[in-house]
Amino acid sequence: MTKLQLAALSLLCFSLSPNLLAQPAATPEPGAISPSENGSDVADEASGPPGAIPAATPPAVQPPPPGFKPTGTRPEPSVEEVQQSLQASASEPEVEEPEGLPLDELRVFAEVFGRIKSDYVERVDDRELLSSAIRGMLAGLDPHSAYLDPDQYQDLQVGTTGEFGGLGIEVGMKDGFVEVIAPIDDTPAQRAGIQAGDLIVRIDDKPVKGMSLGDAVELMRGKPGSTIELTLTRDSLSKPLSVKLERAVIKVASVKQRILEPGFGYLRIANFQARTTDDLLEAIEKLKRNNGGPLKGVVLDLRNNPGGVLNTAVGVSDAFLEQGLIVYTEGRLDDAKLEFRAGPDDVLDGAPLVVLVNGGSASASEIVAGALQDQRRALIMGNETFGKGSVQTIIPVDERTALKLTTARYYTPAGRSIQALGIVPDIILERGSLTLAAKSDLAPLKEANLVRHLEDNNGDDGVQPADEAPADAADPADPEQADEKPLAAEDYQLSEALNVLKGLVILGQAPRAAERPLSKGDTDAVPTEEAAMPAGGDPVPTENAVD
């Protein structure tokens, strides 16, 4: 018998309950009570010395002698005492007994393991088989739990710092294919036109169906400068699309900023890394300096943001809130039950805020959007988000491997679960492009152009001399101004968000908190940080696989 079979048998034996183990039959002593063939209890008439004392037996088994009457000092219990005893027993909390190991399934596992070892067409290493079994256990839980081997564990740690190699797409699994959750800004994937929701069905000439997510990511990674061809399916296309890309070192700038118009700023968060909150605060200060003073309003762009570190999402939300609950998590363990609350100081000093989201906004992005929506701090515009409302904790197994395990669900301040539902925007904006009408050579006719029109009270007829152009008119001799497109043609959704932001400023209505009742906002709690756990610390929640 092999060592593996001996170990399996030992495990099965120790898992058995002690009362199931066979015990050697004891020889009855003279005078002891033993069951007869017909099942009744009779006295054993085996030989023994006269007057010998029979062996002691349980009182419930030994029958009383003829004419026996109980003479104990305790009286028979009354009906009231019996009722009280029953009520006391019912009020005692039931102790949940731990479930034992499923012995039949363990026997099946050992049998399958042995069959593979003995009958498979090629020899398979024991460690490889056990590692595959662990991966299978985690893959059967949900799409986000996984076993991280040394390479994957290292890739995950590098991915949260903002620099890694690959194509620049956030991916997950859907129906056996690799789904693009979001392309990352300024990467080969985004420049090639890959969109959130695309399904990757082939990587070069290899079909993806049947691959694990880790194997697919490994195929897409490679030496910077090398090429790869992806075959995609898209809902809007009737046939698959082939895209050739060149691998590159991906350096993700998580926060970008610019001034859209005087007084109105734009903030773009590509994903949530360890330094995103600090980068956001620096970007806001830079916007204020470029604007020459406080901002009238800001558009926060979370489109195609696949998520990241939970603490960073809390920090970003806290930057725009002065008080109240941001997010809370619920899990089986007490350590998974956390509440995160905002501190004082809104970095925008209450200026209106509009948040843009779409189907590629997932996880940490949905935490920010949900918190700002429930607290009435921002208007959410765009499309319904991805709907990933779970928290994955990185649990090191040893120095080189780890588990990425789903340990909790998170909820918005109003108690909404986002899992498989997503955030529904306050204003729906369909994705699309705007085609500008061709400019006419003829200026539109106005009242001031009509003969004998009435003069205004200021005595100015309002007609602009033909040789004078408006001060803000584009100079056709300037190629930069001639090629510059309006914001609506460049990004229709962003243009609409800016228009809504202007409306809020004109009406003096900045979305504020304290209007929507919050289910978890009655108690004070200090935000508890989740940090890496390589040396006995707390775990780090993270999301998704990064390529």
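Residues numbered from 1 in each chain as written. Predicted model: local features only at pLDDT ≥ 70, side-chain atom pairs only at ≥ 80, totals over all residues. Heavy atoms only, no water.

Caption draft 1: Seen up close, a nonpolar patch on the surface. Judged by side-chain polarity, Val108, Val112, Ile116, Tyr120 and Val121 come together as a nonpolar surface patch covering roughly 470 Å² of accessible area. Considering the arrangement of structural elements, one finds Val112 in helix H3 (residues 103-119). (Patch = residues over 30% accessible without salt bridge, like charges linked within 9 Å, V, L, I, M, F, W, Y side chains within 5 Å. Areas by Shrake-Rupley, 256 points an atom, 1.4 Å probe, with all protein chains shown as cover. Salt bridge = Lys/Arg side-chain N within 4 Å of Asp/Glu carboxyl O. Helix = DSSP H or I, 4+ residues; strand = E, 2+ residues; numbered from the N terminus.)

Caption draft 2: Seen up close, the packing of helix H8 (residues 276-291) against helix H9 (residues 310-320). For the pair H8 and H9, interaxial distance at closest approach is 8 Å and the crossing angle is 30°. Looking at the two axes, H8 sits roughly parallel to H9. The residues of H9 that touch H8, namely those facing Thr276, Thr277, Leu280, Leu281 and Ile284, are Thr312, Gly315, Val316, Ala319 and Phe320. Classifying every residue of the contact of H8 with H9 gives six nonpolar, four polar and no charged. (Axes fitted to C-alpha atoms, helices over the stretch in contact; angles between N-to-C directions. Parallel < 35°, antiparallel > 145°, perpendicular 65-115°, else oblique. Contact = heavy atoms within 4.5 Å. Nonpolar A, V, L, I, M, F, W, Y, C, P; charged D, E, K, R; others polar.)

Caption draft 3: Broad picture of the packing of H9 against helix H10 (residues 364-374). H10 packs onto H9 with a crossing angle of 25° between their chain directions and a minimal axis gap of 9 Å. The angle between H9 and H10 places the two elements in the roughly parallel class. The two elements H9 and H10 cross, and the hand of that crossing is right-handed. When H9 is examined against H10, the residues Leu310, Ala313, Val316, Ser317 and Phe320 are found in contact with a partner set consisting of Ala364, Ile367, Val368, Ala371 and Leu372. Partitioning the contact of H9 with H10 into residue classes produces nine nonpolar, one polar and no charged. (Left-handed = near helix turned anticlockwise from the far one by under 90°.)

Caption draft 4: Geometry of the sheet that holds strand S18 (residues 379-382). The mixed open sheet is built from six strands, whose spatial order is S12-S13-S14-S17-S18-S21. Only two strands of the sheet have a single neighbouring strand rather than two, namely strand S12 (255-261) and strand S21 (427-428). As paired strands, strand S17 (residues 353-357) and S18 are joined by four bridges and run parallel to one another. Directly across from Leu356, in S18, lies its bridge partner Met381. (Pairing = 2+ DSSP bridges.)

Caption draft 5: Quick look at the nonpolar core. In terms of nonpolar packing, the biggest core is built from 43 residues, with Leu267, Leu280, Leu300, Phe320, Leu353, Val355 and Leu372 touching the most fellow members. If sequence neighbours within four positions are ignored, Leu267 has contacts with Lys256, Gln257, Leu280, Ala283, Ile284, Leu287, Val298, Val299, Leu300, Asp301 and Phe320. (Core = buried A, V, L, I, M, F, W, Y, C linked by side-chain atoms within 4.5 Å. Buried < 20%, exposed > 50% of the residue type's maximum accessible area, 1.4 Å probe, protein only.)

Caption draft 6: Geometry of the pattern of salt bridges. Per the counting criterion, the structure on display carries 18 salt bridges. Notably, a salt bridge pairs Asp119 with Arg115, separated by 3.5 Å at the nearest N-O pair. Of this pair, Asp119 and Arg115 both sit in helix H3, four residues apart, which is roughly one turn of the helix. What you see here is one network of salt bridges that share partners, running through Asp185, Arg268, Asp301, Arg303 and Asp491.

Caption draft 7: Region of interest: the packing of aromatic side chains. Following the criterion strictly, the structure yields two aromatic pairs and no others. For the pair Phe109 and Phe113, a centre-to-centre distance of 6.3 Å together with 40° between the ring planes defines the contact as tilted. Remark: Phe113 and Phe109 occur in helix H3; sequence separation between them is four residues, near one turn of the helix. Residue classification places Phe113 among the buried positions, given a relative accessible area of 8%. Between Tyr328 and Tyr411, the ring centres sit 5.3 Å apart and the planes meet at 15°, which makes this aromatic pair stacked. Pair noted here: Tyr328 is in strand S15 (residues 325-330) and Tyr411 is in strand S20 (residues 402-411), with a separation of 83 residues, a long-range link. Using a relative accessible area of 7% as the deciding quantity, one classes Tyr328 as buried. (Phe/Tyr/Trp six-rings, centres within 6.5 Å; stacked < 30°, edge-to-face > 60°.)

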